Structure formats: C-alpha cells, structure tokens
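Chain by chain, the residues run as shown.
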Amino acid sequence: MTDKVHLGHRARKRFGQNFLFDEMIIDKIVSAIDPKPEDNLVEIGPGLGAITEPVAELSGHLTVVELDKDLAQRLIEHPFLGPKLTVNQGDAMTFDFASLVRDDKKLKVFGNLPYNISTPLLFHLFEFADNIEHMHFMLQKEVVKRMVAGPGSKTFGRLSVMTQYYCNAMPVIEVPPECFKPAPKVDSAVIRLIPKKPEQRTAKSVKILNTVCLEAFNQRRKTLRNSLGNLLTAEELTSIGIDVTLRAERLSLQQFIDIANWIYDNKQ
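What counts and what doesn't
Residues numbered from 1 in each chain as written. Predicted model: local features only at pLDDT ≥ 70, side-chain atom pairs only at ≥ 80, totals over all residues. Heavy atoms only, no water. Helix = DSSP H or I, 4+ residues; strand = E, 2+ residues; numbered from the N terminus. Buried < 20%, exposed > 50% of the residue type's maximum accessible area, 1.4 Å probe, protein only. Polar contact = N/O pair within 3.5 Å; in protein donor to acceptor, adjacent residues only side chain to side chain. Lys, Arg positive; Asp, Glu negative; His and termini not counted. Salt bridge = Lys/Arg side-chain N within 4 Å of Asp/Glu carboxyl O. Contact = heavy atoms within 4.5 Å. Domains from an automatic or database assignment. Buried area = accessible area lost by both parts, 1.4 Å probe. Nonpolar A, V, L, I, M, F, W, Y, C, P; charged D, E, K, R; others polar. Axes fitted to C-alpha atoms, helices over the stretch in contact; angles between N-to-C directions. Parallel < 35°, antiparallel > 145°, perpendicular 65-115°, else oblique. Left-handed = near helix turned anticlockwise from the far one by under 90°. Pairing = 2+ DSSP bridges.

## Some points on the side chain of H124
Mapping H124 onto the fold places it in helix α4 (residues 118-126). Judged by relative accessible area, H124 falls into the buried class, the value being 13%. Engagement of the side chain of H124 in a polar contact is seen with the backbone oxygen of M93, the distance being 3.4 Å.

And the structure:
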C-alpha cells in the first residue's frame with residue numbers, strides 16, 4: 001500500500017488531497033475551534049473525517065462541504081458520523097455559505113483547504129464575512145505568513161491587505177509535512193480568522209480596493225508613482241497624502257482604503 005492510500009482511500013492530486021492523521025495536531029486544531037452543541041459549524045473538505053469526527057463528538061452535528069463524490073458518500077454512510085452530518089457534495093468555491101445561517105446563528109467555519117485553490121477560496125469566503133463568527137483553516141505555511149504580514153514585510157501583499165481588511169488574523173499552530181498522508185512538499189499552518197464588524201470595513205468599494213492592490217503589487221519593485229499610474233497621477237496620490245516614492249509594501253491597510261475611496265469618489 002502506498003503513502004497515497006489512507007484508510008482505504010487513494011488521495012486525488014486534482015483535488016489537492018493530503019489527509020491529516022497526527023492525533024496531537026488534530027487535538028490542538030479541535031481545541032482552537034472549540035466546538036459546542038449550540039454552534040453552527042461548517043467544515044470545508046472534511047476528507048476522511050480526521051477533524052470531523054472529534055468536532056461531531058463535541059458538537060453533536062455539523063455541516064460539511066465536500067467536492068469528492070466518493071468521500072461525500074463515504075461520510076453519508078459512515079456508521080458513527082453519518083447521522084451527525086449534513087453533507088453538501090459540491091464545490092466550496094461556488095457554495096452559498098449564507099444559506100447555512102440558521103436562526104441568526106453565524107457560522108463557525110473550518111477546514112484543511114486544498115493548497116492549489118486556497119487564495120481564491122479565501123476571497124470567496126470573505127464575501128460571507130457578515131455571516132461568519134470565526135474561521136480556522138489549515139493552509140500552506142507561506143500563505144499564512146502572507147495573510148498576517150504587516151507593512152514593510154517582503155511577504156506583505158494583496159492577500160495581506162484583503163485578509164486584514166475583512167478579518168483579524170492570527171496563526172495558531174505550525175504543522176510539518178509528516179503529519180499528512182501523502183506528505184505535502186511544503187510546511188503547513190493553521191490560521192484563525194475573526195471577521196471584523198461591518199462598521200470596521202470602511203472601503204466604499206471592495207472591488208476598487210482589490211483593483212488597487214492588484215495594480216500596486218503586480219509590479220511590487222516599482223514605486224507607487226509607476227505601479228499605480230494606470231489608476232491615479234502622482235499629483236492625485238500626493239493629494240491623498242501618499243508618498244509616491246514608496247513601494248506598495250510600505251503602505252498601511254488604511255492607506256490602501258484611502259486610495260480606493262478617493263478613486264470611488266472622484267473617478268466613477
């Protein structure tokens with residue numbers, strides 16, 4: 001039996017499947033999630049149920065979103081887990097998470113996210129920030145570093161700005177490759193994301209904020225005078241209070257919001 005087969009299931013590369021099996025790491029993740037019977041819990045990519053099972057034991061019930069039809073069916077038929085799960089077989093990238101809100105009870109979302117789609121999936125989930133109480137995700141360690149990076153860091157970029165615009169982000173635990181079957185070629189880490197209140201998110205257009213980040217970091221070695229040249233003139237940036245000789249990685253979250261709001265007010 002190869003290391004790509006775990007509990008009778010062969011990991012599928014196209015789904016980015018790496019199955020966590022280290023009991024100590026699983027316990028730490030479950031403790032961070034802190035599931036309660038009254039919680040509205042949602043797991044993305046439950047896989048073979050390594051985290052699903054202890055969470056279900058503590059909460060009594062949870063909803064899962066699983067792309068792999070075989071794994072979804074396996075969970076439905078599981079003698080212990082099956083009755084405790086609502087299984088949605090489908091793509092989390094297009095799933096309407098707002099549809100899972102019940103009695104105004106916000107979601108607590110968690111999962112071991114496929115590394116090949118983690119960034120677009122995070123951006124999709126950010127759209128449901130007002131429906132979510134907190135999120136805990138296993139991601140590539142480098143992605144977690146980018147999410148929590150601050151201005152001045154070489155890893156500070158669009159993902160940093162957009163993550164921190166929507167959420168307060170905190171690393172929870174680092175997870176080495178040998179905790180998975182098959183072992184990924186990268187280190188992993190778990191991050192906790194707590195969505196900010198709507199009044200804390202002051203961009204007049206998230207779409208414009210994202211565009212500003214894309215332009216600014218697309219050519220990150222250029223100064224803002226050049227990297228944002230398609231959106232604003234140097235004089236316009238200066239009028240906002242932005243030093244045009246800086247690179248994008250030197251700006252704060254608030255400065256990115258200020259630029260986006262100026263464009264919204266003056267260039268619509």
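From this point on, the discussion continues.
## Quick word on the environment of K197
Residue placement: K197 occurs in the loop between β11 (188-195) and α7 (206-218). The class for K197 is exposed, based on a relative accessible area of 52%. C-alpha separation for the pair K197 and F97, spaced 100 residues apart in sequence, amounts to 18 Å.

## Structural notes on the side chain of E43
The topology assignment puts E43 in strand β4 (residues 40-44). Although E43 is buried, it makes no salt bridge; R74 carries the closest opposite charge, 13 Å away. If we ignore the near neighbours within four places in the chain, the residues touching E43 are I51, T52, L62, T63, V64, V65, F110 and G111.

## Describing the domain arrangement of the protein chain
Split by domain assignment, the protein chain resolves into domain 1 (3-198) and domain 2 (204-265). Using C-alpha coordinates to define each centre, domain 1 is positioned 32 Å away from domain 2. In this complex, domain 1 contributes 14 residues to the contact, which on the side of domain 2 involves 15 residues. At the boundary of domain 1 with domain 2, total buried surface from both sides reaches about 1,200 Å², with 69% on carbon and sulfur atoms. Inspection of the region where domain 1 meets domain 2 yields 4 residue pairs in polar contact (both at pLDDT 80 or more). For the side of domain 1 that touches domain 2, the leading source of residues is helix α6 (residues 158-166), giving 6 residues. Considering only residue class, the side of domain 1 that touches domain 2 consists of 7 nonpolar, 4 polar and 3 charged.

## A short note on the packing of α6 against α7
At their nearest, the axes of α6 and α7 sit 9 Å apart, and the two run at 155 degrees to each other. The pairing of α6 with α7 is recorded here as roughly antiparallel in orientation. In this structure, the crossing between α6 and α7 has a hand that is right-handed. Contacts from R158, V161, M162, Y165 and Y166 of α6 reach α7 at V206, L209, N210, C213, L214 and F217. Its residues assigned to classes, the contact of α6 with α7 comprises 9 nonpolar, 1 polar and 1 charged.

## Digging into the sheet that holds strand β6 (residues 85-89)
Overall, mixed pairing links the 7 strands, which are arranged β6-β5-β4-β7-β8-β11-β9 in an open sheet. Looking at which strands have only one partner, the edges of the open sheet turn out to be β6 and β9 (167-175). Averaged over all pairs of adjacent strands, the angle between their axes in this sheet comes to 20 degrees, without regard to strand direction. Pairing of strand β7 (residues 107-112) with strand β8 (residues 132-140) involves 6 bridges; the strand directions are parallel. Counterpart to L107 in the pairing with β8 is I132. Those strands touched by α6 are β9 and β11, and its axis lies near 115 degrees from that of β9.

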